[in-house]
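# An overview of the molecular structure
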Protein chains: 2
Amino acid sequence: MNKEILLKNRPDGKPSISDFEIREIDEPQLNDGEILIEAQYISVDPYLRGRMKDQKSYIEPFKLDEPMSSALVVKVTQSKNDSFSEGDFLMGNLPWKKIQTSNGENLRKVDANQAPLSAYLGILGMTGLTAYFGLTDIGEPKEGETIVVSGAAGAVGSVVGQIAKIKGLKTVGIAGSDEKVQMLKEKFGYDEAVNYKTTQDMAKAINEGAPNGVDVYFDNVGGEVSDGVLANINHFARVINCGAISLYNETEMPTGPRVEPILVKNSAKMQGFIVRNYQDQFQDGIKQLATWLQEDKLKFEETIVEGFENTPQAFIDLFDGKNKGKMVVKTS
Amino acid sequence: MNKEILLKNRPDGKPSISDFEIREIDEPQLNDGEILIEAQYISVDPYLRGRMKDQKSYIEPFKLDEPMSSALVVKVTQSKNDSFSEGDFLMGNLPWKKIQTSNGENLRKVDANQAPLSAYLGILGMTGLTAYFGLTDIGEPKEGETIVVSGAAGAVGSVVGQIAKIKGLKTVGIAGSDEKVQMLKEKFGYDEAVNYKTTQDMAKAINEGAPNGVDVYFDNVGGEVSDGVLANINHFARVINCGAISLYNETEMPTGPRVEPILVKNSAKMQGFIVRNYQDQFQDGIKQLATWLQEDKLKFEETIVEGFENTPQAFIDLFDGKNKGKMVVKTS
């Protein structure tokens, strides 16, 4: 039975299951030039929350009563397109449907022998590339410097810390549980790790973890966690604004300390980005990440949720930090 | 009679006259290798407010019961140093004293025939260089883009708008009186000008002045004026955080809308700086500014206050926007 997942309501605040609808649909007709594809893995990502709002952004909002979409790994089950064969695994941005057709545009083949298929949605996909380009291009990391990473146990943050380590930085990670803090140190090689949920004074905790001050701050979280980090930045610090998951469900404009005086005083930079800005360099980035993986210099963590129907819940769980590393749904 | 101006109290909020003390002192003894110098012009600048606080910053705080200091133009009245002659005009960072000695270190000669002496504290000095390097290096202005400048009638802002015009941008200036708004358009060639004091909705006013959105924002002011501009930035916008005069007298940490989501959504950059970061390139900058001045492509405005003793009041008046262009004190 074929199914799709639609956006039913635009959430006010934190998304809930009732904002989605799972609908049974017919299996599509395959036309010449098309392929029939079956979802294997679905990526759920914090940035999708922005697309659920009806507002101008770098990407079109989702439409009500139409399928959500994100990065999927799919299997070709039938092909009427010479570029693809039955059994090929592909990835690309696709609607949340179990079975669908495609003309193959903007889909690229992935190799199940080189890495687990789910890795193409994480360490070898958008989140790995996000970590790589944000850190290296905007962060300009230099050996001996100190980096702080928020959301450090997440899909992006866990990779940032490891690349920073490869580049010779001291790494301080921030996460939301003792279990994650332990993982930061033991699995991802962070030098210091802070549990923001049990820390009263973030500024003090960062000062203790980074006594020489913060040269690079890779921010996935925003909000009060960031306030504590910004209180410790050095002259010429670079703040990489990758995401602000702590703010995505706010219903009113979130407020906080003004950053202008901090930036002026420290000749510091804050810069936002999306990974698509680096589209021309994706192949280079994937090659570098794959090399580090093979050399065992990068480890990755995944939280794999089973079942196509559980995609909405997996997405919602991101906002409670229930994932370690990349959150993906295994559709069957 | 020789005099000096000391910092008497660290101000809480807006500085007042009683935070300063004017003290009569002896004329100094001139030793070998030294010059005797007499203050001609004293620069008063918003950034000095930061040095009156007892806090770590890019520059040492002023000490209580010691003289304030800033950029001065001085005249050599006696010389026991072969590098300087009686009658030379020099500029440099010096204490607020009518008459003092110096070994000449970090002072450079200025030419009274090339430009009025006061200009070396403004358009050919720190504020001109601040406008030039902030705009060209951090702002990366491109022909056809739109720039918004806050504090546009001030010493820095008035120069930024004109350089942006030379570079082919559409310029929108923000200032705090109708008289200044008129000056922005008539003297400094701004395409659009907004009086923030009579504007209810800054975001809407900026949207009307910059209907294609804001590519570059040169911010001298910070605070609510900036909130209105940031609501209108384009993808890949560059915000140059030069100053935040609206916040310098706040006694509590000023708060406002969080900028992280805006930066992420627009792949935008905010970057603070101080002109000293470009010290190695000062001569190039001055040469360019002097050329534009000679070609009549740059105009400048000064507010000249008479009398050494009025230096504290001139400084205080900056925070009420009583200056047009560069505020300087003519000491005699």
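Residues numbered from 1 in each chain as written. Chains lettered and ligands numbered in written order. Predicted model: local features only at pLDDT ≥ 70, side-chain atom pairs only at ≥ 80, totals over all residues. Heavy atoms only, no water.

### Focus on the overall build of chain A
Within chain A, the secondary structure is distributed over nine helices and 16 strands. Taking 2.2 N^0.38 as the reference for a compact globule, 332 residues should give roughly 20 Å; the C-alpha atoms of chain A span a radius of gyration of 20 Å, in line with that estimate. Principal axes of the C-alpha set define a box for chain A whose edges measure 60 × 45 × 35 Å. Residue burial in chain A is summarised as follows: out of 332 residues, 56% are buried. The long-range share in chain A, meaning contacts at least 24 apart out of those at least 6 apart in sequence, stands at 67%. Between the averaged position of the 37 positive side-chain charges in chain A and that of its 48 negative side-chain charges there is a distance of 2 Å. (Helix = DSSP H or I, 4+ residues; strand = E, 2+ residues; numbered from the N terminus. Rg over C-alpha atoms; globule rule 2.2 N^0.38 Å. Buried < 20%, exposed > 50% of the residue type's maximum accessible area, 1.4 Å probe, protein only. Contact = heavy atoms within 4.5 Å. Lys, Arg positive; Asp, Glu negative; His and termini not counted. Charge placed at Lys NZ, Arg CZ, Asp CG, Glu CD.)

### As for the domain arrangement of chain A
Residue and element names in this part refer to chain A. Taken domain by domain, chain A consists of domain 1 (2–122 + 301–330) and domain 2 (126–276). Relative to domain 2, the C-alpha centre of domain 1 lies at a distance of 29 Å. Every contact between the two is made by 22 residues of domain 1 and, on the other side, 18 residues of domain 2. A combined buried area of about 1600 Å² lies between domain 1 and domain 2, and 54% of that area is made up of carbon and sulfur atoms. Summed over the three residues of domain 1 that lose the most area to domain 2, namely Y58, E301 and K324, the buried surface amounts to 32% of that side. Here K324 ties to E179 by a salt bridge, and the two come within 2.5 Å at their closest N and O atoms. (Domains from an automatic or database assignment. Buried area = accessible area lost by both parts, 1.4 Å probe. Salt bridge = Lys/Arg side-chain N within 4 Å of Asp/Glu carboxyl O.)

### Some thoughts on the nonpolar core
Soluble globular proteins tend to pack their nonpolar side chains together in the buried interior. Counting residues in each nonpolar core, the largest one holds 51 residues, and the members touching the most others are L135(B), I147(B), F218(B) and L289(B). Lining this core are residues from two domains, each supplying at least three of them: domain 1 (2–122 + 300–330) and domain 2 (127–276) of chain B. Each residue touching I147(B), except ones within four places of it in the same chain, is listed here: L135(B), V160(B), A164(B), L169(B), K170(B), T171(B), V172(B), V216(B) and F218(B). Core analysis: the second largest hydrophobic core is formed by 48 residues, A131(A), M183(A), Y278(A) and V328(A) among them. (Core = buried A, V, L, I, M, F, W, Y, C linked by side-chain atoms within 4.5 Å.)

### A few points about helix α3 (residues 157–166) of chain B
Helical periodicity: at 3.6 residues per turn, an α-helix aligns residues three or four positions apart in one direction. All names here are of chain B. In terms of burial, α3 is largely enclosed, as eight of its 10 residues are buried. Within α3, burial applies to G157, S158, V159, V160, G161, Q162, I163 and A164. Buried positions along α3 lie against α2 (126–138), β8 (146–149), β9 (170–175), β11 (214–219) and α8 (282–294). Following α3 by one or two positions, G168 has its phi on the positive side, about 90 degrees.

### Quick word on the side chain of N232(B)
All names here are of chain B. Within the element layout of this structure, N232 appears in the loop between α6 (224–230) and β12 (233–241). Among the polar contacts made by the side chain of N232, one reaches the main-chain carbonyl oxygen of G228 at a distance of 2.9 Å. Here N232 is in contact with A203, I206, N207, G213 and V214, once residues within four sequence places are set aside. (Polar contact = N/O pair within 3.5 Å; in protein donor to acceptor, adjacent residues only side chain to side chain.)

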